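Coordinate inspection notes
Here's the letter readout for the chains.
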Amino acid sequence: MSEDAAAAIAARVAAVRAQIAEAAARLGRDPATVTLVAVSKTQPAAAIRAAFAAGLRVFGENYVQEAVAKQAELADLPIEWHFIGPIQRNKTRAIAAAFDWVHSLDRLEVAQRFAEQRDPARGPLNVMVQVNVSGEASKAGVAPEAVVALAKAIAHLPQLNLVGLMTIPEPSADPELLARRFRTVRELRDTLQREGLPVWALSMGMSSDWSVALAEGATHLRIGSALFGPRPRKTPRPKGGGDASGEGAKTCG
Ligand SMILES: *Cc1c(COP(=O)(O)O)cnc(C)c1O
C-alpha cells in the first residue's frame, strides 16, 4: 500500500471518528458507549494495518477464508475481530475459532454449533441476533416476532454470550423510515431486557445511515467505505479452482 493510500485512510478514520464524537455529544451520549467496527471486507491487510495505525482496534469481516488469511498477516496487532456476514453451516467451526464476536446469528442450529465448537479456553463467543426489519425486501435475519424465542433459546447455551441485536435495514433515502426500523430493534432489545436477558448491544448503522442509527441507540456502528474508500471488486475465482462453498457470493453494499 502506498504512503498516499495509507494517509488517505488515516484522514478518513480521523474524520469519521470526529463526526461520531460530535454526533454522540449532540445526543448527550458518552462516545465511549459507541464502538466503531471498521468493516474491512475485500480490503487488503495493509489497509487494516493503516486503519489500526490511525487508532482503530475493532474490525468486521464477512467472509471466513478471506478474514483468516488477513488475520495471519496481522497477527502482530491486538485486533478485536467481529464476524458480520451471512453464516454458512459448514463455516461455524472456523468462525468460532477466528472471531470473538458474531453479529449475524440468525438461527438456533448455528448457535448450537457455536456452543459445541467454541473452545472454552477462548472464553465465550459474544453473539448478536440479526433481526430482519425490512420484511420481504431482505432475507437475512429473523423476523421481529421470532426474536424473543430465539434469544431465550440462545441464552441457555454454553460458550455463548448473547449481548444484543443487529440489523441491516433496506437502504432508504428516507431518514424517518430508517429511524423507525432502528427503533423497532431497540424496542426488541428493551423487551428482551424486560424478559430478564442481560442484553445491551445494538449493532446498527453503516456508512450511509450511522447517524440515524446512533440517534436510535446504536452501540456498534459497522462502517466500511467511509473509512476505507470504495471497496475493491472481488476478482472472480478461476473456474474449477477453489472455493466450492459459495463464499463471497453474498455481500451487502
Ligand atoms: C459491508 C457491510 C457494512 C459496511 O458497509 P459500508 O456501507 O461500506 O459502510 C456493514 N455491515 C455489514 C453487514 C456489511 O456487510
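The preceding data block contains the structure.
These lines cover the structure that appears in this document, whether it is placed above or below. For clarity, every value in this text was computed on a predicted model and none was experimentally measured.

Side note on the overall build of the protein
Scanning the protein for helices and strands turns up nine helices and eight strands. Along the longest, intermediate and shortest principal axes, the C-alpha atoms of the protein span 50 × 45 × 35 Å. Counting over 253 residues, the protein shows a buried share of 47%. A fraction of 61% describes how many contacts in the protein between residues 6 or more apart in sequence connect residues 24 or more apart. Accessible surface, the protein: about 12000 Å² in total, of which carbon and sulfur atoms supply 54%. When the 30 positive and 26 negative side-chain charges of the protein are each reduced to one mean point, those points stand 3 Å apart.

A short note on the nonpolar core
What tends to happen in soluble globular proteins is that the nonpolar side chains get buried as a cluster. Among the nonpolar cores identified, the biggest contains 69 residues, and Phe59, Phe114, Ile154, Leu160, Leu165 and Leu227 are the most heavily contacted of them. Leave out the neighbours within four places in its chain, and Leu165 touches Met128, Val129, Val131, Val147, Val185, Leu188, Arg189, Leu192, Ala201, Leu202 and Ser203.

Section: the environment of Trp210
Assignment of secondary structure puts Trp210 in helix H8 (residues 210-215). As for Trp210 and Leu221, which are separated by eleven residues in sequence, their C-alpha atoms are 6.3 Å apart. Not counting chain neighbours up to four residues away, the residues in contact with Trp210 comprise Gln19, Ile20, Ala23, Gly205, Leu221 and Ile223.

Brief notes about the packing of aromatic side chains
Within a pair of aromatic rings, the relevant descriptors are the distance that separates the centres and the angle that separates the planes. On inspection of all chains with the given rule, the structure shows three aromatic pairs. Considering the side-chain rings of Trp101 and Trp200, the 6.5 Å spacing of their centres and the 90° angle between planes classify their relative orientation as edge-to-face. Of this pair, Trp101 sits in strand S4 (residues 101-105) while Trp200 sits in the loop between helix H7 (175-194) and strand S7 (201-203), and the two are 99 residues apart along the sequence. You can call Trp101 buried: its relative accessible area is 10%. Over the ring of Phe52 we find Arg57, and its NZ or CZ is 3.6 Å from the ring centre.

Focus on the pattern of salt bridges
Taken as a whole and judged by the stated rule, the model has twelve salt bridges. Note that Lys70 is salt-bridged to Glu66, the shortest N-O span being 2.7 Å. Highlighted residues: Lys70 and Glu66, both in helix H3 (residues 64-73), separated by four residues, approximately one helical turn. Lys70 sits in the buried class, given a relative accessible area of 6%. Between Glu195 and Lys152 there is a salt bridge, with its nearest N and O atoms 2.7 Å apart. Of this pair, Glu195 sits in the loop between H7 and S7 while Lys152 sits in helix H6 (residues 147-155), and the two are 43 residues apart along the sequence. Given a relative accessible area of 34%, Lys152 falls into the partly exposed group. Connected via shared salt-bridge partners are Glu61, Glu66 and Lys70.

A closer look at unusual backbone geometry
One non-glycine residue, Thr42, adopts positive backbone phi at about 65°. Position of Thr42 relative to the elements: it lies in the loop between strand S1 (35-39) and helix H2 (45-53). Of note in this structure, Gln159 is not a glycine but carries a positive phi near 65°. Taking the relative accessible area as the measure of exposure, Gln159 reaches 25% and is therefore partly exposed.

Considering the site of the ligand
Residues in contact with the ligand amount to 13 residues; listed here are only the nearest, Lys41, Asn62, Ser207, Ser225 and Arg231. In the environment of the ligand, an oxygen atom lies 2.6 Å from a nitrogen or oxygen atom belonging to the side chain of Lys41. The separation between an oxygen atom of the ligand and a polar side-chain atom of Ser207 is 2.5 Å. When the free accessible area of the ligand is taken as 390 Å², the share hidden by the protein chains comes to 95%. Partitioning the shell around the ligand into residue classes produces six nonpolar, four polar and three charged.

Here's the deal with H7
Look at H7: 28 Å from first C-alpha to last across 20 residues, which is about the 28 Å you get at 1.5 Å a residue. By the burial criterion, the buried members of H7 are Leu178, Ala179, Phe182, Val185, Leu188, Arg189 and Leu192. Where H7 is buried, its residues contact strand S5 (125-131), H6, strand S6 (160-167), S7 and H8. The residue sitting at the N-terminus of H7 and contributing the capping side-chain oxygen is Asp174; that oxygen lies 2.9 Å from the backbone nitrogen of Glu176. Remark: Gly196 follows H7 within two positions and exhibits a positive phi of approximately 95°.

Some details on the pairing of strand S8 (residues 220-223)
Of the two faces of S8, the one carrying His220 and Arg222 and the one carrying Leu221 and Ile223 are both buried. Both S1 and S8 contribute to a ladder of four bridges, which runs parallel. Bridge pairing links Val37 to Arg222 in S8.

Conventions adopted
- Residues numbered from 1 in each chain as written.
- Predicted model: local features only at pLDDT ≥ 70, side-chain atom pairs only at ≥ 80, totals over all residues.
- Heavy atoms only, no water.
- Helix = DSSP H or I, 4+ residues; strand = E, 2+ residues; numbered from the N terminus.
- Buried < 20%, exposed > 50% of the residue type's maximum accessible area, 1.4 Å probe, protein only.
- Contact = heavy atoms within 4.5 Å.
- Areas by Shrake-Rupley, 256 points an atom, 1.4 Å probe, with all protein chains shown as cover.
- Lys, Arg positive; Asp, Glu negative; His and termini not counted.
- Charge placed at Lys NZ, Arg CZ, Asp CG, Glu CD.
- Core = buried A, V, L, I, M, F, W, Y, C linked by side-chain atoms within 4.5 Å.
- Phe/Tyr/Trp six-rings, centres within 6.5 Å; stacked < 30°, edge-to-face > 60°.
- Lys NZ or Arg CZ within 6 Å of the ring centre and 35° of its normal.
- Salt bridge = Lys/Arg side-chain N within 4 Å of Asp/Glu carboxyl O.
- Near = heavy atom within 4 Å.
- Polar contact = N/O pair within 3.5 Å; in protein donor to acceptor, adjacent residues only side chain to side chain.
- Nonpolar A, V, L, I, M, F, W, Y, C, P; charged D, E, K, R; others polar.
- Expected span 1.5 Å × (residues − 1).
- Pairing = 2+ DSSP bridges.

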